[in-house]
Amino acid sequence: MRYLSEYRDPTVARALVAEIKRAATRRWVLMEVCGGQTHTIVKQGLDELLDDAVEMVHGPGCPVCVTPLEQIDKALALASRPDVIFTSFGDMLRVPGSECDLLQIRARGGNVKIVYSPLDAVELARKNPDKEVVFFAVGFETTAPANAMAVWRAKQLGIKNFSVLVSHVTVPPAIVALLESPDNRVQGFLAAGHVCTIMGWTEYEPIAVKYRVPIVVTGFEPLDILEGMLLAVRQLEEGRYEVENQYVRAVRRDGNQPAQDLVSQVFELVDRNWRGIGPIPRSGLGVRAEFAEFDAERRFNMEGIRTAEPEICRAGDVLRGVLKPFDCPAFGTMCTPEHPLGAPMVSSEGACAAYYNYGRFRSGSAV
Amino acid sequence: MTIVCPTPIATSDRVQLGHGSGGKMSAALLRERFLPAFQNDILAQLGDAAIVDIGGHSLAISTDTFVVQPLEFPGGNIGSLAVHGTVNDLAMMGAEPRWLSAGFVLEEGLALDVLDRVVQAMAAAANQAGVLLVTGDTKVVERGKADGIFINTTGVGVRHPDFAPAPARAQAGDAVIVSGPIGRHGIAIMTAREGLAFEAEVESDSAALTPLVRALRDRVGDAVHTLRDPTRGGLASALNEIAAAAGVGIMLDETSLPIPGPVAAACEMLGFDPLYVANEGVLVAFVAESRADEAVRALRAHPLGRAATRIGRCVREHPGMVALHTGIGGTRVVDMLPGDQLPRIC
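Residues numbered from 1 in each chain as written. Chains lettered and ligands numbered in written order. Predicted model: local features only at pLDDT ≥ 70, side-chain atom pairs only at ≥ 80, totals over all residues.

K.L.:
Would you explain the overall build of chain B in this entry?
P.N.:
Of the regular secondary structure elements, chain B holds eight helices and 14 strands. Expected size for 346 residues packed as a compact globule is a radius of gyration near 20 Å; at 20 Å, chain B falls within 12% of this value. A principal-axis box enclosing the C-alpha atoms of chain B has dimensions of 60 × 55 × 45 Å. A burial count over chain B gives 51% of its 346 residues as buried. In chain B, the proportion of contacts linking residues at least 24 apart, taken out of those at least 6 apart, comes to 84%. (Helix = DSSP H or I, 4+ residues; strand = E, 2+ residues; numbered from the N terminus. Rg over C-alpha atoms; globule rule 2.2 N^0.38 Å. Buried ≥ 20, exposed ≤ 12 C-beta atoms within 10 Å, placed from the backbone. Contact = placed C-beta atoms within 7 Å.)

What follows is the structure in structure tokens.
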């Protein structure tokens, strides 16, 4: 298949692996930021091929995983209301809130629908004028333009019963927070290619210089990731710290300007809590005052929501790359995809789910 | 506002859609709620069909209920599916399907021309599979109490004395063979239901597998240890069930999996794994290695099995677990899913 099988070619992969091993005079610690990349690494067994010539730690780039508990609980509260049709991308439905998840709310009679585009939620609002349609606007810079478009479109169409529960986050502040953390071990980053498709990489240039850390904008197929690793290892070996673009077929330095314009028209930078990591200043997007009527948090009374995380879950350490999923005491025993304690065990992009679903063969652990 | 959700996350006191996904939640429902109430030796075999011996004959009995939306989809409709599903369950136990019953739940307001098309498709499918629909029942419920048409079919088939494939008979050394491209039914249904548009339309593979089973039986006979039609839950779930039932490991080769381009493309876009997508006209066979090439040739001789191919083998290592050699040279586990696959965010 075009644009797919070429990037999974085993012969080229073997050559890249050999090149990485040749280039690395010591073991470097790299972080892939995006959960999609984590899954490629574990699903294709890339870490196994590398024999630990490079240690990959898994970053916080799983939107499902870092969506803060209070936003999940707000979603559950909204979805429980009889006057609301709550719409979401599929993988948010199984994320545990303090007490249950959206699938269980649906089983109790809540009207929860999976949509494939936020514009479908706008259409649903148009067709159901007697209901409030709320869309769970989650994700990084990648999904922000489409979600901004939904709000913009609803305003254009004069739709009065549509709103978004926003939990958008942005990547660069998270990278900075990780680099400033005292237990940081990461020496180079593979930046998330799809985020950069929208945003370009100019935001990363000052970070690379200030923290003397290579950042390679990287795609999601096995060969993309191996090439990203090779570029990062070469920089580290040569003492360079630059932003390099591996994902040339999709990313330009300035990104997608119309998409950025739309995002900044509808959203503004806000402080945001990251599940498992904590608050990061100016790391999230919130709805601008001009579009306040489309902001579910302003539209509905959201007071009285109390959150409670399971104490044993160490998702925060996993998301910061301090702990490998295998080393969490709950992994595979108390916490499984059927009964997840933390979000990384839920999402198809979560590091714990990746290890559980694909990685157990290597760990030898009979979970 | 407080959330009305008193139970802890690990246990739900309600049925969820995931309980019907064919994954771990379905298995738990069966294990914890149904089996303890109905236990007997025949049920305990848990094959695609029950095997009962009567008057010197071995019969296979299977029942299945069909609730698909949309009722009509590229490659078939709920009527043809209701015949194929039950007929195939019988065939997977090595039985020659003979008689079918059909129970219809119709929703008030259903267009009669839709019903006619469903019934015609059912009759054609039964004809083609060589089964007689010998008894039936119809109920009509108020609008909103059903989704157009629900159909239950129960089938009875007669087993051949020297042909007894069963999940527990898979053994280390067996070749794992699929009869055709995987993932077509699930993707056809999903694209029709959600109105997703992809460049190439995917048609359901819904078909009676009896001719393929006959071909295997006639050509390699009892060297066929296990047959399964990987429907709900896809190939991965079916293989996990076999690995567990037989206490063997299964090692697949990713590059040999027959995944049609349009199915692969749709799965890439939705974040699905084709290994978990439903099939309705594909069988997976575990065949003694010495007869495996012959089995592939026998399947390929029939139009339904033209793309039959080996996809892996049964191994002594990692009993109960399905693993896969990735195209790129790594290895990973292919587990059962807890519930339905959920489309991802980005």
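That was the structure; now back to the text.
K.L.:
Is there a simple way to explain the overall build of chain A in this structure?
P.N.:
Scanning chain A from terminus to terminus reveals 16 helices and 11 strands. Against the 2.2 N^0.38 benchmark of 21 Å for 367 residues, chain A shows a C-alpha radius of gyration of 21 Å, consistent with a compact globule. Each of the 367 residues in chain A was classed as buried or not, and the buried ones make up 56%. Within chain A, counting contacts between residues at least 6 apart in sequence, those at least 24 apart form 78% of the total.

K.L.:
What exactly am I supposed to notice about the interface of chain B and chain A here?
P.N.:
Frequently, the measure chosen for interface size is the accessible area removed from exposure when the parts meet. With 38 residues of chain B in contact, the opposing surface of chain A contributes 52 residues. The biggest single contributor to the side of chain B that touches chain A is helix α7 (residues 261–270) of chain B, with four residues. For the side of chain B that touches chain A, a count of residues per class yields 19 nonpolar, 12 polar and seven charged. (Nonpolar A, V, L, I, M, F, W, Y, C, P; charged D, E, K, R; others polar.)

K.L.:
For this particular structure, what's the right way to read the sheet that holds strand β13 (residues 322–325) of chain B?
P.N.:
Residues and elements named next belong to chain B. Judged by pairing direction, the sheet is mixed, and its seven strands sit side by side in the order β9-β11-β8-β12-β10-β13-β14 without closing on themselves. For this open sheet the edge positions go to β9 (224–228) and β14 (331–333), each flanked by a neighbour on one side alone. Averaged over all adjacent pairs, the angle separating strand axes in this sheet is 25 degrees, with direction ignored. One ladder, built from four bridges, connects strand β8 (residues 175–178) with strand β11 (residues 284–287); its direction is antiparallel. Paired with valine 178 across the bridge in β11 is valine 284. With respect to the sheet, helix α6 (residues 234–246) is in contact with β9, β10 (249–253), β11 and β13, its orientation differing from that of β13 by roughly 125 degrees. (Pairing = 2+ DSSP bridges. Axes fitted to C-alpha atoms, helices over the stretch in contact; angles between N-to-C directions.)

K.L.:
It is not clear to me how the pairing of strand β7 (residues 149–159) of chain B should be interpreted in this structure. Could you clarify?
P.N.:
For a regular strand, the rule is simple: side chains alternate between the two faces of the sheet. Residues and elements named next belong to chain B. Summarising the sheet, strand β2 (residues 57–66) and β7 pair through eight bridges and their orientation is antiparallel. The partner of threonine 63 across the bridge, within β7, is threonine 154. With 11 bridges connecting them, strand β5 (residues 95–107) and β7 associate as antiparallel partners. Note on β7: the bridge partner recorded for serine 101 is threonine 154.

K.L.:
How should I be thinking about the pairing of strand β3 (residues 84–88) of chain A in this particular structure?
P.N.:
All names here are of chain A. Of all five residues in β3, five are buried, a share of seventy percent or more. Neither face of β3 is exposed, since Val84, Phe86 and Ser88 on one face and Ile85 and Thr87 on the opposite face are all buried. Where β3 and strand β4 (residues 111–114) come together, four bridges link them in parallel fashion. In the sheet register, phenylalanine 86 faces β4, and the bridge partner there is valine 112. Following the chain from β3 across helix α6 (residues 102–107) to the adjacent parallel β4, one finds a crossover that is right-handed. (Right-handed = clockwise from strand over helix to strand, strands pointing away.)

K.L.:
Is there a simple way to think about the sheet that holds β7 of chain B in this case?
P.N.:
Residue and element names in this part refer to chain B. Strand order across the open sheet formed by five strands is β1-β2-β7-β5-β6, with mixed pairing between neighbours. One side of each edge strand has no neighbouring strand; the edge strands of this open sheet are β1 (50–54) and β6 (132–141). Each strand axis lies, on average, 20 degrees off the axis of its neighbour in the sheet, ignoring direction.

K.L.:
So what exactly am I meant to see when it comes to the packing of helix α8 (residues 144–157) of chain A against helix α13 (residues 257–266) of chain A here?
P.N.:
Packed helix pairs are characterised by how far apart their axes lie and by the angle those axes make with each other. Residue and element names in this part refer to chain A. Between α8 and α13, the least distance of the axes is 8 Å, while the angle of their chain directions is 55 degrees. The angle between α8 and α13 falls in the class oblique. Relative to α13, α8 is oriented so that their crossing is left-handed. From α8, Ala144, Pro145, Ala148, Met149, Val151 and Trp152 reach across to α13, where they touch Ala259, Leu262, Val263, Gln265 and Val266. A class-by-class count of the residues in the contact of α8 with α13 yields 10 nonpolar, one polar and no charged. (Parallel < 35°, antiparallel > 145°, perpendicular 65-115°, else oblique. Left-handed = near helix turned anticlockwise from the far one by under 90°.)

K.L.:
What's the story with helix α2 (residues 35–43) of chain A in this structure? I'm lost.
P.N.:
Helical geometry: 3.6 residues make up each α-helical turn, so side chains three or four residues apart lie on a common side. All names here are of chain A. Most of α2 sits inside the fold, with nine of its nine residues counted as buried. The set of residues buried in α2 consists of Gly35, Gly36, Gln37, Thr38, His39, Thr40, Ile41, Val42 and Lys43. Just downstream of α2, glycine 45 is the residue with a positive phi angle, here 70 degrees.

K.L.:
Can you help me understand the packing of helix α1 (residues 10–23) of chain A against helix α12 (residues 222–238) of chain A in this one?
P.N.:
All names here are of chain A. Put simply, α1 and α12 touch, their axes get as near as 9 Å, and they point 15 degrees apart. Considering their axes alone, α1 and α12 lie roughly parallel with respect to each other. Where α1 crosses over α12, the handedness of that crossing is left-handed. Counting all contacts with α1, which are made through Val12, Ala13, Leu16, Val17, Glu19, Ile20 and Ala23, the residues of α12 involved are Pro222, Leu223, Leu226, Glu227, Met229, Leu230, Val233, Arg234 and Glu237. When grouped by side-chain class, the residues that make up the contact of α1 with α12 number 12 nonpolar, no polar and four charged.

K.L.:
Before we go on, may I ask you to explain the domain arrangement of chain B in this structure?
P.N.:
All names here are of chain B. What the domain assignment reports for chain B is domain 1 (51–159) and domain 2 (167–333). Taken residue by residue, the interface counts 20 residues in domain 1 and 21 residues in domain 2. Those elements giving two or more residues to the side of domain 1 that touches domain 2 turn out to be α2 (78–92) and α3 (112–129). For the side of domain 1 that touches domain 2, the residue count by class is 11 nonpolar, nine polar and no charged. (Domains from an automatic or database assignment.)

K.L.:
Is there a simple way to explain the nonpolar core in this structure?
P.N.:
Side chains of a nonpolar character, in soluble globular proteins, are inclined to be buried together. One finds Val164, Ala191 and Leu226 of chain A together with Ile177, Leu216, Ala285 and Ala295 of chain B to be the most contacted residues of the largest nonpolar core, which totals 217 residues. With residues up to four places along the chain from it excluded, the contact list for alanine 191 of chain A reads Val33, Cys196, Tyr204, Ile215, Val216, Val217 and Thr218 of chain A. (Core = buried A, V, L, I, M, F, W, Y, C linked by C-beta atoms within 7 Å.)

K.L.:
Explanation requested: helix α7 (residues 118–127) of chain A in the structure shown.
P.N.:
Residues and elements named next belong to chain A. Those residues of α7 that sit buried are Pro118, Ala121, Val122 and Ala125. Looking straight down α7, one finds its buried side chains confined to an arc of 100 degrees; they lie on one side. Looking at the buried side of α7, the elements it contacts are β3, β5 (132–139), α8 and β6 (162–169). (Arc of directions from axis to C-beta.)

K.L.:
Is there a simple way to explain the environment of leucine 227 of chain B in this structure?
P.N.:
Residue and element names in this part refer to chain B. Mapped onto the fold, leucine 227 is located in strand β9. Residues leucine 227 and alanine 188, spaced 39 residues apart in sequence, show a C-alpha to C-alpha distance of 24 Å. For leucine 227, the contacting residues outside a window of four places in its chain are Met92, Pro165, Val213, Leu283 and Ala285.

K.L.:
So what exactly am I meant to see when it comes to the environment of valine 112 of chain A here?
P.N.:
Residue and element names in this part refer to chain A. One can find valine 112 in strand β4. Using a count of 26 C-beta atoms within 10 Å as the deciding quantity, one classes valine 112 as buried. In this structure the C-alpha to C-alpha distance between valine 112 and tyrosine 358, which are 246 residues apart in sequence, comes to 30 Å. Leave out the neighbours within four places in its chain, and valine 112 touches Ala79, Phe86, Leu93, Leu102, Ile105 and Arg106.

K.L.:
I keep staring at the environment of proline 258 of chain B and nothing clicks. Help me out?
P.N.:
Residues and elements named next belong to chain B. Along the chain, proline 258 turns up in the loop between β10 and α7. As for proline 258 and phenylalanine 38, which are separated by 220 residues in sequence, their C-alpha atoms are 39 Å apart. Every residue in contact with proline 258, bar those within four places of it in the chain, is listed here: Val178, Gly180, Pro181, Ile182, Ala307 and Thr309.

K.L.:
Hey, could you run me through unusual backbone geometry in this one?
P.N.:
Both trends apply: most residues other than glycine have a negative phi, and most peptide bonds are in trans. All names here are of chain B. Going from glutamine 69 to proline 70, the amide bond is cis rather than trans, its omega being -5 degrees. When you line up the elements, proline 70 lands in the loop between β2 and β3 (72–73). With a phi angle near 30 degrees, histidine 318 is a residue other than glycine that sits in the positive phi range. Checked against the element boundaries, histidine 318 lands in the loop between β12 (309–315) and β13. Of the residues examined, histidine 318 has 18 C-beta atoms within 10 Å and is grouped as partly exposed.

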